[in-house]
Amino acid sequence: MNQNPVIVAYKSVDDLKTVKDWFYNFTPEKDNRQRAIDKVKAWSSRARLPHGLEATSLLTSIHLSDNGSSDSSVIQLSYSMALIRFVNGLLDPFQQSNYAIPLHHLAKSVNLPSFFVELRHMATHEGLPSLPMLRIACTSALNWLYDHYWCLIEEDVTDNGDELEEDIIAKKSLTDSELLYVNETVGQVKADLDRFQVVNNLKIYKKLRKQNLDVVNRLGDNSNETATKYSKCVSKLKIFVNTKRQGLNLVGLVYPVVLARVLVHQYFIIYSHDRVQDKKLKFNPLIIKLYRPLFDELGFLFKVRFMIAIMDILVGDRKQRNVDSLIFQKLHYGEITQCDEVIQLMEWLNYFVEEALISPHTQDYTIEELNVTNRASLLKLIIEKLHVIYENLPSEIACSSMIKVVSAIISVLTNKKYKNFYKDDKRQQLETWKKHLVHLQDTKTSYELPPSLDDIL
């Protein structure tokens, strides 16, 4: 647990409850909203305020000033700026991927109506929205803050402002000890990601590799500036992967899995749905060539853990405990649901499954955390997980994507180098499954309607 004290502007949660009452519980006879605004102003001189608190005060202040005595254009601009700050302050903390994520997607993840994102865009890039629309938006924003911020302050008062905002993502019915474990775990992982500069080192690695994919530098090679930078960033990533933190394994968050999740969810190894749509991109096998030296350096067990991480992502978080789900959501390791992103993950799964089956070292196949004791038990685990994945894949890509993976496994099992490592019954089982998948795909294709004239033109 982080033992450093967190400085907050208020003394206790009772202060927040009092201000909440002043903001929302008012009548014509008794209205303490201005008093609440003054209180928040005083707090802001002490320490940084949580966004929910600051946004409520700002929106309420403008609402009170909209009494007919001020220039309507000034009020219009004030409303617009307050609502822009309301949206940006909520969504910007979650903009942590390698590429910018559309605000509509981020808004959906925190249950913020898309209306606010559209209004923000209008106020920023087009003409200012009308006063009646802004008044409605202000009231809606204050109501949203009440439901998603103020009603949660009593549930989690030990966090700083950012952590209070993150609880908007998911609130499960957890015990106090479970909530404490969630916060400790998330805090530890984030601290280590910052400490080892994981995202920055991945960016450096990617930039250096893209200079020449045919040149593979080695750790300890300081023959030139590029080789030195490469060795330094890979060494830090390797140290991070080998770092062990007590308690993280309870939710499967060993650091090889964390690195795998960063590579997937921050769009290092796959293109985001929006990039695919905007630039008509497809999975490029060269991306495997780009990252293969890093994965080889991190070792066989890392590749197996990465394979399992991809399988877990493809299956989704439906079977996770509440604790696991909240941790993964707070770390922004959610489900991948867009078809074009799933297709790319299946291509990576194809690669990692093949890598997992071809190690020449028998000792590699004793993996206690997966209950794997030999090659046969790993193959069995892979096949079982593939069946579960197949059931969860979007129907339009299920057959074609799974045929590729099953074909890759059959190719390994029939290869002279590895044929004696695996039993024929597994190969026969996979060949039967492949025939079934091919038949399903052919049947589906035969029943598809031809394109219409509109589609062709």
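My aim in this report is to walk through the structure given alongside it, one point at a time. (Residues numbered from 1 in each chain as written. Predicted model: local features only at pLDDT ≥ 70, side-chain atom pairs only at ≥ 80, totals over all residues. Heavy atoms only, no water.)

So, the overall build of the protein
Helix and strand counts for the protein come out as 21 helices and zero strands. Per-residue burial over the protein gives 46% buried out of 457 residues. Within the protein, counting contacts between residues at least 6 apart in sequence, those at least 24 apart form 73% of the total. On the protein, roughly 24,000 Å² of surface is accessible, and the fraction owed to carbon and sulfur atoms is 50%. (Helix = DSSP H or I, 4+ residues; strand = E, 2+ residues; numbered from the N terminus. Buried < 20%, exposed > 50% of the residue type's maximum accessible area, 1.4 Å probe, protein only. Contact = heavy atoms within 4.5 Å. Areas by Shrake-Rupley, 256 points an atom, 1.4 Å probe, with all protein chains shown as cover.)

A word on the nonpolar core
In this structure, Tyr 291, Met 307, Trp 348 and Met 402 are the most contacted members of the largest nonpolar core, which totals 96 residues. Per-element accounting of this core gives the leading share, 12 residues, to helix α15 (residues 300-315). Apart from residues lying up to four places away in sequence, Trp 348 is in contact with Ile 269, Ile 270, Phe 283, Ile 287, Ile 288, Tyr 291, Phe 295 and Ile 310. By size, the runner-up hydrophobic cluster in this structure holds 43 residues, among which are Val 40, Leu 53, Ile 75 and Trp 144. (Core = buried A, V, L, I, M, F, W, Y, C linked by side-chain atoms within 4.5 Å.)

Brief notes about the side chain of Glu 341
Structurally, the position occupied by Glu 341 is in helix α17 (residues 339-357). Arg 275 provides the closest opposite charge to the buried, unpaired Glu 341, separated from it by 10 Å. In this structure, Glu 341 is in contact with Tyr 267, Ile 270, Tyr 271, Ser 272, His 273 and Ile 336, ignoring residues within four places of it in sequence. (Lys, Arg positive; Asp, Glu negative; His and termini not counted. Salt bridge = Lys/Arg side-chain N within 4 Å of Asp/Glu carboxyl O.)

Section: the packing of aromatic side chains
Taken as a whole, this structure holds 25 aromatic pairs when the rule is applied. When the ring of Tyr 24 is compared with that of Trp 150, the centres are 6.5 Å apart and the planes differ by 65°; the resulting orientation is edge-to-face. Separated by 126 residues along the polypeptide, Tyr 24 in helix α1 (residues 13-24) and Trp 150 in the loop between α7 (131-148) and α8 (161-166) bring together distant segments of the chain. Taking relative accessible area as the criterion, Trp 150 reaches 0% and is therefore assigned buried. Aromatic side chains Tyr 390 and Trp 433 sit 6.1 Å apart centroid to centroid with 90° between the ring planes, which places their arrangement in the edge-to-face category. Taken together, the residues span a long stretch of sequence, with Tyr 390 in helix α18 (residues 375-392) and Trp 433 in helix α20 (residues 424-446) at a distance of 43 residues. (Phe/Tyr/Trp six-rings, centres within 6.5 Å; stacked < 30°, edge-to-face > 60°.)

Topic: the environment of Val 8
Mapped onto the fold, Val 8 is located in the segment before α1. Spatially, the C-alpha atom of Val 8 lies 8.7 Å from that of Trp 43, the residues being 35 residues apart in sequence.

Observations concerning unusual backbone geometry
A positive phi angle, near 60°, is found at Tyr 267, a position not held by glycine. Position of Tyr 267 relative to the elements: it lies in the loop between α12 (255-265) and α13 (273-279). Even without being a glycine, His 332 presents a positive backbone phi close to 65°. Summarising the element assignment, His 332 is placed in the loop between α16 (322-330) and α17.

Overview of helix α11 (residues 225-241)
In this model α11 runs 25 Å from its N-terminal to its C-terminal C-alpha over 17 residues, within 8% of the 24 Å that 1.5 Å per residue would give. Taken together, the buried positions of α11 are occupied by Ala 227, Tyr 230, Ser 231, Cys 233, Val 234, Leu 237, Phe 240 and Val 241. The distance from a side-chain oxygen at the start of α11 to the backbone nitrogen of Thr 226 is 3.1 Å, and the residue carrying that oxygen is Asn 224. (Expected span 1.5 Å × (residues − 1). Polar contact = N/O pair within 3.5 Å; in protein donor to acceptor, adjacent residues only side chain to side chain.)

Quick word on helix α6 (residues 114-125)
An α-helical turn contains 3.6 residues, so any two residues separated by three or four positions project in the same direction. Helix length check: α6 (12 residues) gives 17 Å between terminal C-alpha atoms against 16 Å at 1.5 Å per residue, within 8%. Within α6, the full set of buried residues consists of Phe 116, Val 117, Leu 119, Arg 120 and Ala 123. The arc that holds every buried residue of α6, seen down its axis, measures 165°, which confines them to one face. (Arc of directions from axis to C-beta.)

A few points about a positive patch on the surface
On the surface, Lys 11, Lys 30, Arg 35, Lys 39 and Arg 46 cluster together to form a positively charged patch. In this fold, Arg 46 is placed in the loop between α2 (33-44) and α3 (51-65). By relative accessible area, Arg 46 is classed as exposed at 52%. (Patch = residues over 30% accessible without salt bridge, like charges linked within 9 Å, V, L, I, M, F, W, Y side chains within 5 Å. Charge placed at Lys NZ, Arg CZ, Asp CG, Glu CD.)

Function-wise, these values are silent; they only describe arrangement.
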